[in-house]
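Spelled out, the chains give:
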Amino acid sequence: MAASLTIKALNLYRGSEHLLTLDETIKGGEILTIMGPSGSGKSTLLNWLSGMLPKGFSAQGALYFNQQDISHQPSHLRHLGLLYQDSLLFSHLDVAGNIAFAMPKGDKQQRLKKITEALSQVGLSGIEQRSVSSLSGGQQARVALLRVLLSQPKAILLDEPFSKLDSQLRSEIRELVFSQIRALKVPAILVTHDYSDASAAAGKVINITKESEHA
């Protein structure tokens, strides 16, 4: 059975202010794009999905993975991969250490072999022991992506992940990310301001209108 992520009858609130309503199922390999102005609830949606809703916000609704309700599971048990606009790599770990950090525990040699193969697939052969601070922005973005993919996530949440890349690199990394999501048949949700991101995702696009002037 293909994986699916279902958001059922979700209503998000900031205090008493209603932010958004959502009722969607994302199948494996599909990318749902959420667009809207700052303050419309896009990032709050990702916080709710990942089980990290900030204080002052509340939600009604449920989150299902393959018909299993995970709404009340703690964040670390949801196994959702998060990709942000900043790579958020650990400067005290080398490239292999950064990727291994999120991987399921297992035989060390097997894990290293997977890391080596994955780096090769994205054009980064031989950099396992490089310091992440010595990498270019595009290289860091690839390493961040591999860290998410090799963690074997049930679904992937993308929070403006391409916004800090220049236009050529943006297109290249975006295609890499989306092709990996489709190949692994993982459900994904993309939050973005950029219409070219939404177009490249080639899935359903939901525009959230801002119901309040508050940011």
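This report concerns the structure included in the present document. (Residues numbered from 1 in each chain as written. Predicted model: local features only at pLDDT ≥ 70, side-chain atom pairs only at ≥ 80, totals over all residues. Heavy atoms only, no water.)

## Notes on the environment of P74
To keep things clear, this is the line we draw: Numbering of helices and strands starts at the N terminus; helices are DSSP runs of H or I of at least 4 residues and strands are runs of E of at least 2.
Positionally, P74 belongs in the loop between β5 (68–69) and α2 (75–78). For the pair formed by P74 and Q121, sequence separation is 47 residues and the distance between their alpha carbons is 33 Å.

## Quick look at the sheet that holds strand β6 (residues 80–84)
For clarity, the threshold we go by: Two strands make a pair as long as DSSP finds a minimum of two bridges between them. The axes are straight lines fitted to the C-alpha atoms, using for helices just the contacting stretch, and the angles between their N-to-C directions are given from 0 to 180°. Note on contacts: a residue pair is in contact if any heavy atoms of the two residues lie within 4.5 Å.
Read across the sheet, five strands follow the order β6-β7-β8-β3-β9 without closing on themselves; strand pairing throughout is parallel. The strands lining the two open edges of the sheet, one partner per strand, are β6 and β9 (205–207). Pairwise comparison of adjacent strand axes, ignoring direction, gives a mean angle of 15 degrees for this sheet. Sheet strands in contact with helix α1 (residues 42–49) are β3 (31–35), β6, β7 (155–159) and β8 (188–191), and its direction is about 155 degrees off that of β7. Across the face of the sheet, helix α6 (residues 167–184) comes into contact with β3, β6, β7 and β8 while running at roughly 165 degrees to β7.

## Examining the pattern of salt bridges
Worth spelling out the cut-off: Should a side-chain nitrogen of Lys or Arg be within 4 Å of a carboxyl oxygen of Asp or Glu, the pair is scored as a salt bridge. Note on exposure labels: buried denotes an accessible area under 20% of the residue type's maximum, exposed denotes more than 50%, and partly exposed covers the range between, all computed with a 1.4 Å probe on protein chains only.
Tallying each qualifying case throughout the model produces seven salt bridges. The closest approach of N and O atoms between D86 and K164, which form a salt bridge, is 2.7 Å. One end of the pair, D86, is in the loop between β6 and α3 (95–101); the other, K164, is in the loop between β7 and α6, with 78 residues separating them in the sequence. Classification of K164 as exposed rests on a relative accessible area of 54%. The partner of R142 in a salt bridge is E172, and the shortest N-O contact between them spans 2.2 Å. Of this pair, R142 sits in helix α5 (residues 137–149) while E172 sits in helix α6, and the two are 30 residues apart along the sequence. Residue classification places E172 among the partly exposed residues on the basis of a relative accessible area of 39%. A network of salt bridges, in which partner residues are shared, links R170, R174, D194 and D197.

## Re a nonpolar patch on the surface
Heads up, the condition is: Residues enter patches when their relative accessible area tops 30% and they take part in no salt bridge; the joining distance is 9 Å for like charges and 5 Å for the nonpolar side chains Val, Leu, Ile, Met, Phe, Trp and Tyr. What sets the accessible areas is the Shrake-Rupley method with a 1.4 Å probe; for residues, cover comes only from the shown protein chains.
A contiguous nonpolar surface patch, about 270 Å² in accessible area, is contributed by M52, Y84 and L88. Counting through the fold element by element, Y84 comes out in strand β6.

## Concerning α6
Rule in force here: Expected helix span is taken as 1.5 Å per residue step, with the number of steps being one fewer than the number of residues.
Counted at 1.5 Å a residue, the expected span for α6 with its 18 residues is 26 Å, and the 26 Å between its end C-alpha atoms agrees. For α6, every residue scored as buried is listed here: L169, R170, I173, R174, L176, V177, F178 and I181. Packed against the buried residues of α6 are β3, β6, α5, β7, β8 and α7 (195–201). Backbone geometry just downstream of α6 places K185 in the positive-phi region, at approximately 55 degrees.

## A closer look at the layout of surface pockets
For the record, the criterion: Only protein atoms enter the 1 Å grid, on which a cavity is a set of points fitting a 1.4 Å probe that cannot get out and a pocket is an open set with protein on both sides within 12 Å along at least 5 of 7 lines, lining residues being those with an atom within 4 Å of a point. Grid points are joined across faces, edges and corners, and a volume is the space filled by probe spheres set on the points. The nonpolar class holds Ala, Val, Leu, Ile, Met, Phe, Trp, Tyr, Cys and Pro. Asp, Glu, Lys and Arg form the charged class, and all remaining residues, Gly among them, are polar.
By volume, the largest pocket amounts to about 600 Å³. Every residue lining the largest pocket is counted, 25 residues in all, and those nearest its centre are L80, G81, L82, A102 and S151. Of all the secondary-structure elements, those providing two or more residues to the lining of the largest pocket are α2, β6 and α5. Per element, the largest residue contribution to the lining of the largest pocket is five residues, and it comes from β6. Considering only enclosed or pocket space, the second largest pocket measures out at about 220 Å³ in volume. Every residue along the wall of the second largest pocket is listed here: M103, K114, E117, A118, Q121, V122, L146, L149, L150, Q152, Q180 and L184. Taken together, the elements giving at least two residues each to the lining of the second largest pocket come down to α4 (108–121), α5 and α6. No other element matches the four residues that α4 contributes to the lining of the second largest pocket. Of the residues contributing to the lining of the second largest pocket, the split by class is seven nonpolar, three polar and two charged.

That's the geometry; what it means functionally is another story.
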